[in-house]
Amino acid sequence: MVNYKDLGLVNTREMFAKAINGGYAIPAFNFNNMEQLQAIVKAAAETKSPVILQVSSGARKYANQTLLRYMAEGAVQYAKELGWENPQIVLHLDHGNSFELCKSCVDFGFSSVMIDGSALPYEENIALTKQVVEYAHQFDVTVEAELGVLAGVEDEVSAEESHYTKPEEVIDFSTRTGCDSLAISIGTSHGAYKFKPEQCTKDPVTGRLVPPPLAFDVLDAIMEKLPGFPIVLHGSSSVPQEYVDIINAHGGNLPNAVGIPEEQLRKAAKSAVCKINIDSDSRLAMTAAIRLTFDEHPEYFDPRKYLGPARDEMEKLYKHKIVEVLGSDNKA
Ligand code: G3H
Ligand code: 13P
Ligand code: ZN
């Protein structure tokens, strides 16, 4: 058993309260490898932004959970080395699907866990979330829960269609579970194909797909029921078309990839939405940089020569999200 405080990590409680009062959101970036982690930490340290490092079940399988935890511990030291005296870094389990998984992360030094019971019947979601909260709170680990179902398919996280969160359930759910934050469904979804072309309109000038707007009326109704309660948005990549174009022009094939426009995320960040999850955009940045490098330099075979530019591109993306979209710079 190791407590996250001994690793220099922090939980989300104070971070979220400050973000809500300050009208900004904390970035929650997934990581699966060293280059992503380096880019996240460098971007956060150089912009002095609090940051949430997220580990999914897929990441645990891909990179080994022990290694990922030690990498997060290393991230705190790396941040200090970069001149960030008091790093505000959270290590968070993304989409935990069982009590046992959440417990093992709490015991292993995570400072925050998500229990995603959103696919379960309402009462079962409450019972499971409550069980995780009761365990995690003994160690001052914060718990994110989810109510409502996101559409989209993202490896292990999938749901055929979206069901918006019902505002009339949120008071009962948060009171009975004791969760610290609530992930809601208002039209975001996981992955690089967030909307089908038939759900979108077409920009007459660029010919690009324009997605339908998020359901801000549902968000408003939730905030009215739970004033000041931390709200989380999953599936918030904006799928930058520059990256999609580079990928498609250099041997890739991502037709009709579309995400959430950044203006809508900016608007959400100013509200009680205090955590915004971004994973796919980092994947796109990495893939675009690697495809471009391979095309321009077919002679390269040292991975540092293509993973280096990929890491630089991800750092640029993370800084952009922090400074231009979420507004979390200089808040840590
Ligand atoms: O919510 C899903 C995240 O993007 C994690 O994706 O399960 O492929 O690691 P993953
Ligand atoms: P994206 O696929 O939009 O990046 O969402 C990531 C996410 O919600 C991780 O939990
Ligand atoms: Zn998610």
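Data block above holds the structure.
Let me begin by describing the structure that accompanies this report. Positions within a chain are numbered from 1, following the residues in the order the chain's sequence is written. Each chain gets a letter, beginning with A, and each ligand a number, beginning with 1, in the order they are written. Local features are withheld for residues below a pLDDT of 70 in this predicted model, meaning they are given only at 70 or higher, and side-chain atom pairs are given and counted only at 80 or more; totals for whole chains, interfaces and linings count all residues. Processing note: side-chain calculations cover all non-hydrogen atoms of the structure and skip hydrogens and water entirely.

If you check the shell around ligand 2, you find 16 residues, and the closest are Asp-94, Lys-194, Ser-237, Asp-279 and Ser-280. Asp-94 has a polar side-chain atom sitting 2.7 Å from an oxygen atom of ligand 2. Any pair of nitrogen or oxygen atoms within 3.5 Å is treated as a polar contact; in protein, a donor-acceptor pairing is required on top of that, and neighbouring residues in sequence qualify only through side-chain atoms on both sides. Here an oxygen atom of ligand 2 sits 3.1 Å away from a polar atom, N or O, in the side chain of His-190. Compared with its free state, where it exposes 310 Å², ligand 2 has 98% of that area covered by protein. When residues are grouped by polarity, Ala, Val, Leu, Ile, Met, Phe, Trp, Tyr, Cys and Pro land in nonpolar, Asp, Glu, Lys and Arg in charged, and all others, Gly among them, in polar. Residues belonging to the shell around ligand 2 are distributed by class as follows: one nonpolar, twelve polar and three charged. Any residue with a non-hydrogen atom lying within 4 Å of a molecule or strand is treated as near it. Surface accessibility follows the Shrake-Rupley procedure with a 1.4 Å probe radius. Residue values consider only the protein chains on display as shielding.

Moving on: unusual backbone geometry. Of note in the backbone geometry, Lys-48 takes a positive phi value of approximately 50 degrees without being a glycine. You can see Lys-48 is positioned in the loop between helix H2 (34–47) and strand E2 (51–55). On the basis of relative accessible area, Lys-48 is assigned to the partly exposed category, the value being 26%. The backbone of Asn-64 sits at a positive phi, close to 80 degrees, despite the residue not being glycine. A helix here means a DSSP run of H or I that spans at least four residues, while a strand means a run of E at least two residues long, and both kinds are numbered starting from the N terminus. Here Asn-64 shows up in the loop between helix H3 (57–63) and helix H4 (65–81). Each residue is placed in one exposure class: buried if its accessible area under a 1.4 Å probe, protein chains only, is under 20% of its type's maximum, exposed if it is over 50%, and partly exposed if it falls in between. For Asn-64, a relative accessible area of 39% puts it in the partly exposed group.

Moving on, we come to the coordination of the zinc ion (ligand 3). The zinc ion (ligand 3) binds to the protein through His-95 (NE2), His-190 (NE2) and His-234 (ND1); the donor distances cover 2.1 Å. Note that water is not among the atoms considered, so a metal site may appear incomplete; the donors listed are N, O and S atoms within 2.8 Å of the metal, with 3.2 Å applied to Na, K and Ca. Mapping the donors of the zinc ion (ligand 3) onto the primary sequence gives the spacing H-x94-H-x43-H. Taken together, the residues span a long stretch of sequence, with His-95 in strand E3 (residues 89–96) and His-234 in the loop between strand E11 (231–233) and helix H9 (241–249) at a distance of 139 residues. His-234 matches His-95 in its accessibility class, with the two residues each being buried.

Every buried residue of H9 is accounted for by Tyr-243, Val-244 and Ile-247. The buried residues of H9 occupy one face: seen down the axis, they fall within an arc of 100 degrees. Pointing more than 90 degrees away from the buried face of H9 are the exposed residues Glu-242 and Ala-249. Once H9 ends, the next one or two residues include Gly-251, with phi positive near 100 degrees. Here the arc refers to the set of directions running from the helix axis out to each C-beta atom.

What follows covers the nonpolar core. Within the largest apolar cluster, 96 residues are counted, with the highest numbers of intra-cluster contacts made by Phe-31, Leu-53 and Val-113. Here this core gets eight residues from one element, more than from any other, and that element is helix H12 (residues 303–326). Apart from the residues within four sequence positions on either side, Phe-31 is in contact with Gln-36, Leu-37, Ile-40, Leu-53, Gln-54, Val-55, Ala-59, Leu-68, Met-71 and Leu-91. Grouping buried Ala, Val, Leu, Ile, Met, Phe, Trp, Tyr and Cys residues that are joined through side-chain atoms within 4.5 Å yields what is termed a nonpolar core. Judged by nonpolar contacts, the second largest core, of ten residues, contains Phe-16, Tyr-24, Ile-26 and Cys-274. The contact criterion used is simple: two residues touch if any of their non-hydrogen atoms lie within 4.5 Å.

On to the sheet that holds strand E5 (residues 142–147). The strands that make up a sheet pair up through hydrogen bonds in the backbone, lying either parallel or antiparallel. If you walk around this closed barrel you meet the eight strands as E1-E2-E3-E4-E5-E8-E11-E12, and the pairing is parallel. Here the average twist between neighbouring strands, direction ignored, is 25 degrees. What makes two strands pair is DSSP finding at least two bridges between them. For strand E1 (residues 26–30) and E2, the ladder comprises three bridges, and the chain directions are parallel. Across the sheet, the residue bridging to Phe-29 is Leu-53, located in E2. Strand contacts of helix H7 (residues 170–177): E5 and strand E8 (181–184), with the helix running at about 150 degrees to E5, the strand carrying the most contacts. Fitting a line to C-alpha atoms yields each axis, with helices limited to the stretch in contact; the angle taken between N-to-C directions then spans 0 to 180 degrees.

Helix span, expected: 1.5 Å multiplied by one less than the number of residues in the helix. For helix H11 (residues 280–296), with 17 residues, the first-to-last C-alpha span of 24 Å sits near the 24 Å given by 1.5 Å per residue. Turning to H11, its buried residues number three or more, namely Ser-280, Asp-281, Ser-282, Leu-284, Ala-285, Met-286, Ala-288, Ala-289, Ile-290 and Thr-293.

What follows is about the packing of helix H5 (residues 99–107) against helix H6 (residues 122–137). The angle between the axes and the distance between the axes are what describe a pair of packed helices. Direction vectors running N to C along H5 and H6 enclose 15 degrees, while the axes themselves pass 10 Å from each other. With respect to their mutual orientation, H5 and H6 come out roughly parallel. The two elements H5 and H6 meet at a crossing, and its hand is right-handed. Every residue of H6 that contacts H5 at Phe-99, Cys-102, Lys-103, Val-106 and Asp-107 is listed here: Leu-128, Gln-131, Val-132, Tyr-135 and Ala-136. Any angle from 65 to 115 degrees is called roughly perpendicular, while one under 35 is roughly parallel, one over 145 is roughly antiparallel, and all others are oblique. Each crossing is labelled by how the near helix is turned from the far one, with a counterclockwise turn of less than a right angle marking it left-handed and a clockwise turn marking it right-handed.

Another aspect to go through is the packing of H9 against H11. Two numbers describe how H9 lies on H11: the axes approach to 9 Å, and their chain directions differ by 35 degrees. H9 and H11 meet at a crossing whose hand is left-handed. Taking contact as the criterion, the partners of Tyr-243, Ile-246, Ile-247 and Ala-249 in H9 are, on H11, Asp-281, Leu-284, Ala-285, Thr-287, Ala-288, Arg-291, Leu-292 and Asp-295. Among the residues making up the contact of H9 with H11, the classes are represented as eight nonpolar, one polar and three charged.

Right, let's talk about the layout of surface pockets for a bit. In the cavity and pocket records, a cavity denotes points on a 1 Å grid over the protein atoms alone where a 1.4 Å probe fits but cannot get out, a pocket denotes an open set with protein on both sides within 12 Å along at least 5 of 7 lines, and lining residues are residues with an atom within 4 Å of a point. Grid points are joined across faces, edges and corners, and a volume is the space filled by probe spheres set on the points. The space that makes up the second largest pocket amounts to roughly 450 Å³. Along the wall of the second largest pocket there are 20 residues; nearest its centre are Ser-238, Val-239, Pro-240, Gln-241 and Glu-242. Secondary-structure elements contributing two or more residues to the lining of the second largest pocket are strand E10 (209–210), H9, helix H10 (262–269) and H12. Ranked by residues supplied to the lining of the second largest pocket, first place goes to H12 with five residues. Grouping the amino acids of the lining of the second largest pocket by side-chain chemistry returns nine nonpolar, four polar and seven charged.

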